Amino acid sequence: MKLIRFGEPGKEKPGILLPDGTRQDVSDFGSDYNEEFFGGDGLQELHSWLKTNGGTRVDPSVRLGPPICRPSKIVCIGLNYRDHAAESKMETPREPVMFFKATTSLVGPNDDLVIPRGGTKVDWEVELALVIGKTASYVPLERALEHVAGYCLHNDYSERAFQLERGGQWEKGKSADTFAPVGPFLATPDEIPDYGKLNMWLKVNGEIRQKSSTAQMIFPVPELVSYVSQFMTLLPGDLITTGTPAGVALGMPTPKFLKPGDIVELGVERLGESRQRVVEWRSQ
């Protein structure tokens, strides 16, 4: 099953993406894709509901929101590809590097990317993300995948000056509004038979910047779920984003950071594509 949410920001409704690409409204099912949905029997109940109920068709012109409601946390894994660690001039980690993005950074897959006020070094990172399906605490490695509700495409935007030149933690450069476009959909595990061999790519203004595969991850999905759960309780609907390969602006001999008017396009095999237009910050 592929879950989508659609409509105006803050007013999204739940839907599904059918195999033929049709978008279907399932808001009559009665539950959005939130902690209660993932933590209960939401996926199974929705599947059963669809056997006897039909939703209305959603016009393809309607905006897609993030495929999950705002989670309790967005946990990010850094330097999880050896080539990205090398281009960042950092040692290959012996354990997963963890940081957070503010949940207010979550937006739809094709929403504008807003350069934050004072931002000068905005960078891109195509990533595979996963959504937690049931509460996870001290999960053994062999049971980690039982806690995964599905997978989605994520662009982990960063403001590198805020991240690396302003002191403190990485969250400063990771948490601006619009810095976590997710989707277009969440694919349940049956849709992704091999999460460890998915091609991934990213373009800026039509030029390939990143091209790799999840096979290059240092710490694979089960290890990440188990590892993170040793330090915090993961709740249903929480997002873990698993790191990016080489090809970010920071790793260029002469970095070309994003500027207003740029177009960023990206995709992960079986998880669709997204597109963000870069705009400058304006006061509300």
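All figures in this text were calculated on a predicted structure; none of them were measured in a lab. (Residues numbered from 1 in each chain as written. Predicted model: local features only at pLDDT ≥ 70, side-chain atom pairs only at ≥ 80, totals over all residues. Heavy atoms only, no water.)

A. Fine view of the overall build of the protein chain. A count of helices and strands for the protein chain gives 6 helices and 20 strands. On C-alpha atoms alone, the protein chain measures out to a radius of gyration of 18 Å, which is about the 19 Å that the 2.2 N^0.38 rule sets for 284 residues. When its C-alpha atoms are laid out on the principal axes, the protein chain stretches across 60 × 45 × 30 Å. When the 284 residues of the protein chain are sorted by exposure, 54% land in the buried category. Long-range contacts, defined as pairs at least 24 residues apart, comprise 75% of the intrachain contacts of the protein chain with a sequence gap of at least 6. Counting only carbon and sulfur atoms, one obtains 48% of the accessible surface of the protein chain, whose full area is about 12,900 Å². In the protein chain, 32 side chains carry a positive charge and 38 a negative one; their mean positions are 5 Å apart. (Helix = DSSP H or I, 4+ residues; strand = E, 2+ residues; numbered from the N terminus. Rg over C-alpha atoms; globule rule 2.2 N^0.38 Å. Buried < 20%, exposed > 50% of the residue type's maximum accessible area, 1.4 Å probe, protein only. Contact = heavy atoms within 4.5 Å. Areas by Shrake-Rupley, 256 points an atom, 1.4 Å probe, with all protein chains shown as cover. Lys, Arg positive; Asp, Glu negative; His and termini not counted. Charge placed at Lys NZ, Arg CZ, Asp CG, Glu CD.)

B. Layout of helix α6 (residues 221–228). Among the 8 residues of α6, 7 are classified as buried, and the element is accordingly described as predominantly covered. Residues of α6 that are buried: Val-221, Pro-222, Leu-224, Val-225, Ser-226, Tyr-227 and Val-228. Buried residues along α6 sit against β6 (74–78), β7 (97–101), β11 (126–132), β12 (148–155) and β18 (239–241).

C. Local environment of helix α2 (residues 42–52). Three or more residues of α2 are buried, namely Gly-42, Leu-46 and Trp-49. What you see down the axis of α2 is that its buried residues fit within an arc of 60 degrees, all on one side. Along α2, exposed side chains directed more than 90 degrees from the buried face belong to Lys-51 and Thr-52. Those residues of α2 hidden inside the fold are in contact with β1 (2–6), β2 (13–17) and α1 (35–39). (Arc of directions from axis to C-beta.)

D. Quick look at unusual backbone geometry. For Thr-178, which is not a glycine, the phi torsion comes out positive at approximately 80 degrees. You can call Thr-178 buried: its relative accessible area is 12%.

E. Representation of the pattern of salt bridges in the model. Tallying each qualifying case throughout the model produces 17 salt bridges. The salt bridge involving Arg-160 is made with Asp-123; its shortest N-O contact spans 2.9 Å. Taken together, the residues Arg-160 in helix α4 (residues 160–164) and Asp-123 in strand β10 (residues 122–123) connect sequence positions 37 residues apart. Given the relative accessible area of 0%, Asp-123 is considered buried. When the shortest N-O distance is used, the salt bridge between Arg-143 and Glu-146 registers 2.9 Å. The class for Arg-143 is partly exposed, based on a relative accessible area of 45%. The class for Glu-146 is partly exposed, based on a relative accessible area of 40%. Residues participating in the shared-partner salt-bridge network are Lys-101, Asp-123, Glu-125, Asp-156, Arg-160 and Lys-174. (Salt bridge = Lys/Arg side-chain N within 4 Å of Asp/Glu carboxyl O.)

F. Seen up close, the pairing of β2. Note that β1 and β2 share 4 bridges and pair antiparallel. Across the sheet, Arg-5 pairs through a bridge with Pro-14, a residue of β2. The antiparallel pairing of β1 with β2 creates a hairpin that spans 6 residues between the two strands, and Gly-7 there sits at a positive phi of about 120 degrees. Relative to strand β3 (residues 23–25), β2 runs antiparallel, the two sharing 3 bridges. For Ile-16, the partnering residue across the bridge sits in β3 and is Gln-24. Once β2 ends, the chain turns through 5 residues before running back antiparallel as β3, passing Gly-21 with a positive phi of about 90 degrees. (Pairing = 2+ DSSP bridges.)

G. Just the packing of aromatic side chains, in detail. In total, this model carries 8 aromatic pairs according to the counting rule given. The interplanar angle of 85 degrees and the centroid separation of 5.1 Å between the aromatic rings of Phe-37 and Phe-38 together place this pair among those described as edge-to-face. Here Phe-38 falls in the buried class, since its relative accessible area comes to 5%. On the basis of an interplanar angle of 15 degrees and a centroid distance of 5.9 Å, the ring pair of Tyr-151 and Tyr-195 is categorised as stacked. (Phe/Tyr/Trp six-rings, centres within 6.5 Å; stacked < 30°, edge-to-face > 60°.)

H. Region of interest: the nonpolar core. Formed by 52 residues in total, the largest nonpolar core has its most connected members in Trp-124, Tyr-151 and Leu-271. Looking at this core, the elements with two or more residues in it are β1, β6, β9 (113–115), β11, β12, β16 (199–204), α6 and β19 (263–268). Among all residues touching Leu-271, those that are not within four sequence positions of it are Leu-128, Tyr-151, Cys-152, Leu-153, Pro-184, Phe-185, Ala-187, Ile-192 and Leu-198. Ranked by size, the runner-up nonpolar core spans 23 residues in total, among them Tyr-33, Trp-49, Ile-74 and Cys-152. (Core = buried A, V, L, I, M, F, W, Y, C linked by side-chain atoms within 4.5 Å.)

I. Structural detail: the side chain of Ser-105. Following the sequence through the fold, Ser-105 ends up in the loop between β7 and β8 (106–107). Judged by relative accessible area, which is 0%, Ser-105 ranks as buried. Discounting chain neighbours no more than four positions away, the residues touching Ser-105 are Ile-74, Ser-175, Ala-176, Asp-177, Thr-178, Phe-179 and Ala-180.

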